[in-house]
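These are the residues of each chain, in order.
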Amino acid sequence: MISLDLPVIPEHVAIIMDGNGRWANQRGLPRTFGHNKGVEAVRETVKAAGEAGIKYLTLFAFSSENWSRPASEVEDLLGLLRRFIRRDLADLHRENIRIRIIGERQNLRGDILPLLLEAEETTRNNTAMTLVIAFNYGSRNEIARAVARIAEDVEAGRLKPAEVDADLISRHLDTADFPDPDLIIRTSGEERLSNFLLWQAAYSELVFLPCYWPDFGRQQLYEALRVFASRERRFGALSQMTTAVVG
Ligand code: IPE
Ligand code: IPE
Ligand code: MG
């Protein structure tokens, strides 16, 4: 682990990896070049996050809405995910990284689901860091699936409507096993969540960086960690400073 000399390091960092297409456009290249380069940024970020002492890193790789892109681009993105898992799984396993996938699994076709399950299964007992890959993920879809399961429990008499609270909902989400993200980073200058972790982001610190995802790496991650360390999280209570004055 390297010392960043920061008073606080977030336990869970989630990243909306955006701007691959624009990175490529800017260079007169097809969008797929941006996606390819984006995979290198993923590798560097995973390494840097582990070295900084981050315990959970969630990466938004493909949204439920990304299926509406041209078929060729969707194929490129699926191909990259396949290759990333085939090529990098052994390395991640060696680094003691546990892989978990969030997102809708029901409608995935072909070899994608078995590959994702293999990555989870191979690395399930690893303890250095949890790498959560959000694939075919959309928050509204995730919440709808959770509500449907809760409704089934109520219908079957296993649960009373009055027992439904925020904690129960959290425990039915794909992220049930992980703490909420402390920090959410989005690259490319866009300042929106695009259906990412809407429930879990209730008290996350948001950091928007201008750089495109392929240009993201250790330096940009650590910059975001510095911004995070300078923020005061209040969770609806009073500021530490106010409390000190009030006594
Ligand atoms: C992020 O880059 C990758 C995915 C959404 C899968 P984009 O492909 O969204 O790139 P821009 O935003 O069009 O530049
Ligand atoms: C969000 O980026 C999804 C991922 C990073 C996987 P998009 O590029 O799809 O989001 P919008 O369309 O700009 O909101
Ligand atoms: Mg985008």
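Remember, predicted model here, so these are calculated numbers, not experimental data. (Residues numbered from 1 in each chain as written. Chains lettered and ligands numbered in written order. Predicted model: local features only at pLDDT ≥ 70, side-chain atom pairs only at ≥ 80, totals over all residues. Heavy atoms only, no water.)

A. The arrangement of the environment of P161 in detail. Note on placement: P161 falls in the loop between α5 (139-155) and α6 (166-172). Among the residues examined, P161 registers a relative accessible area of 60% and is labelled exposed. Expressed as a C-alpha distance, the spacing of P161 and A151, which sit ten residues apart in the sequence, is 8.7 Å. (Helix = DSSP H or I, 4+ residues; strand = E, 2+ residues; numbered from the N terminus. Buried < 20%, exposed > 50% of the residue type's maximum accessible area, 1.4 Å probe, protein only.)

B. Up close: the environment of N20. By the element assignment, N20 lies in helix α1 (residues 20-26). Its relative accessible area of 11% is what places N20 among the buried residues. On a C-alpha basis, the gap between N20 and V39 in space is 10.0 Å, while along the polypeptide they are 19 residues apart. In this structure, N20 is in contact with R31, G34, H35, G38, W213 and P214, ignoring residues within four places of it in sequence. Here the side chain of N20 touches H35 through a polar contact of 3.0 Å, side chain to side chain. (Contact = heavy atoms within 4.5 Å. Polar contact = N/O pair within 3.5 Å; in protein donor to acceptor, adjacent residues only side chain to side chain.)

C. Representation of the nonpolar core within the structure. In terms of nonpolar packing, the biggest core is built from 48 residues, with I15, V46, L57, F135 and I185 touching the most fellow members. Here the element with the most residues in this core is helix α3 (residues 71-94); it accounts for nine residues. Look past the residues within four positions of L57 in its chain and what remains in contact with it is H12, V13, I15, T45, V46, A49, M129, T130, L131 and V132. Listed in part, the 13 residues of the second largest apolar core include Y56, F60, V132 and A201. (Core = buried A, V, L, I, M, F, W, Y, C linked by side-chain atoms within 4.5 Å.)

D. Seen up close, the site of ligand 2. Neighbouring residues of ligand 2: I16, M17, D18, F60, A61, F62, S63, N66, R69, R186, R192 and S194. R192 is positioned with one of its side-chain polar atoms (N or O) 2.8 Å from an oxygen atom of ligand 2. Measuring from an oxygen atom of ligand 2, one finds a side-chain N or O atom of S194 at 2.6 Å. For ligand 2, whose free accessible area comes to 390 Å², the fraction covered by protein is 77%. The leading source of residues in the shell around ligand 2 is strand β2 (residues 56-63), at four residues. Partitioned by chemical class, the residues of the shell around ligand 2 number five nonpolar, three polar and four charged. (Near = heavy atom within 4 Å. Areas by Shrake-Rupley, 256 points an atom, 1.4 Å probe, with all protein chains shown as cover. Nonpolar A, V, L, I, M, F, W, Y, C, P; charged D, E, K, R; others polar.)

Without other data, these values stay purely geometric and don't point to any function.
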